[in-house]
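Each chain, letter by letter, is given below.
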Amino acid sequence: MPATGAKRQKVVQTMPETITPAVENFVRGRGLAEPLLQAKELVRRILPDARGLFVDLEEDLDDEENPTIRFHITTAESVDRVLELNNALEDAFCREIPAQHRVFFSYTYRLE
């Protein structure tokens, strides 16, 4: 039992994060390192209780020169809550990521 007057410390959880080497190479070659950091921070801010983030590069068979940086977000939220959070994430992306960079990013959700 904590002593009277003891301060409670806030426990900060960080979601596990994996960024593939393909993404790292792609962002370096395209000057997208800063937008990638911004996008990760948006995911962390909008979905603070997400259980995991896996970021990979997905090739588009129709547009081989412009692959997509796909954020795979794992969460235990309900479907309705994920829809709300997705809307908030889309709004934040539109406000904070320049249009010329937004085209490189997409995200999907894995519900646990």
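A few points on the structure. Note that the structure is a prediction, hence the values are computed from the model and not measured.

Examining helix α3 (residues 79-96)
Turning to step 1, where the next piece is worked out: The end-to-end C-alpha distance of α3, which contains 18 residues, comes to 25 Å, matching closely the 26 Å that a straight helix rising 1.5 Å per residue would cover.
Turning to step 2, where the next piece is worked out: Here α3 has its buried residues at V82, L85, N86, L89, A92 and F93. Buried residues of α3, viewed axially, fall in a sector of 130°; they line one side. Seen from the buried face of α3, the exposed residues on the opposite side, beyond 90 degrees, are D80, L83, C94 and R95.
Turning to step 3, where the next piece is worked out: Looking at the buried side of α3, the elements it contacts are α2 (33-46), β3 (68-75), α4 (99-102) and β4 (105-111).

Considering the sheet that holds strand β1 (residues 17-19)
Turning to step 1, where the next piece is worked out: Spatial strand order, β1-β2-β3-β4: four strands in an open sheet with mixed pairing. Looking at strand neighbours, the two that pair on one side only are β1 and β4, the edges of this open sheet. Between one strand and the next, the sheet's axes are offset by a mean angle of 20°, whatever the strand orientation.
Turning to step 2, where the next piece is worked out: Direction of pairing for β1 relative to strand β2 (residues 52-58): parallel, over a ladder of three bridges. For T18, the partnering residue across the bridge sits in β2 and is F54.
Turning to step 3, where the next piece is worked out: Where α3 meets the sheet, it contacts β3 and β4, and its direction lies at approximately 165° from that of β4.

As for a nonpolar patch on the surface
Turning to step 1, where the next piece is worked out: On the surface, V79, L83 and L111 cluster together to form a nonpolar patch covering roughly 270 Å² of accessible area.
Turning to step 2, where the next piece is worked out: Mapped onto the fold, L111 is located in strand β4.
Turning to step 3, where the next piece is worked out: By relative accessible area, which is 42% here, L111 ends up partly exposed.

What counts and what doesn't
- Per chain, residue numbering runs from 1 following the sequence as it is written.
- Where totals are concerned, whole chains, interfaces and linings use all residues; where local detail is concerned, this predicted model gives features only for residues with pLDDT of at least 70, and gives and counts side-chain atom pairs only at 80 or more.
- Only heavy atoms go into the side-chain values, all of them from the structure, while hydrogens and water stay out.
- Numbering goes from the N terminus for both helices and strands, where a helix is a DSSP run of H or I of at least four residues and a strand is a run of E of at least two.
- In this analysis, the expected span of each helix is defined as 1.5 Å times one less than the number of residues it contains.
- The buried label applies to any residue whose accessible area, calculated with a 1.4 Å probe on protein chains only, is under 20% of its type's maximum; exposed applies above 50%, and partly exposed to all values in between.
- Within this analysis, the arc is defined by the directions that extend from the helix axis to the C-beta atoms.
- By the convention used here, residues are in contact when the closest approach between their heavy atoms is within 4.5 Å.
- At least two bridges found by DSSP between two strands is the condition for calling them paired.
- Helix axes are fitted only over the stretch in contact, all axes being lines through C-alpha atoms; the angle between N-to-C directions runs from 0 to 180 degrees.
- Patch membership requires over 30% relative accessible area and the absence of a salt bridge. Like charges are linked within 9 Å, and nonpolar side chains (Val, Leu, Ile, Met, Phe, Trp, Tyr) within 5 Å.
- Note on areas: these come from Shrake-Rupley sampling with a 1.4 Å probe, and a residue is covered only by the protein chains present in the view.
- Within this document, salt bridges are pairs made up of a side-chain nitrogen of Lys or Arg and a carboxyl oxygen of Asp or Glu, the two lying within 4 Å of each other.

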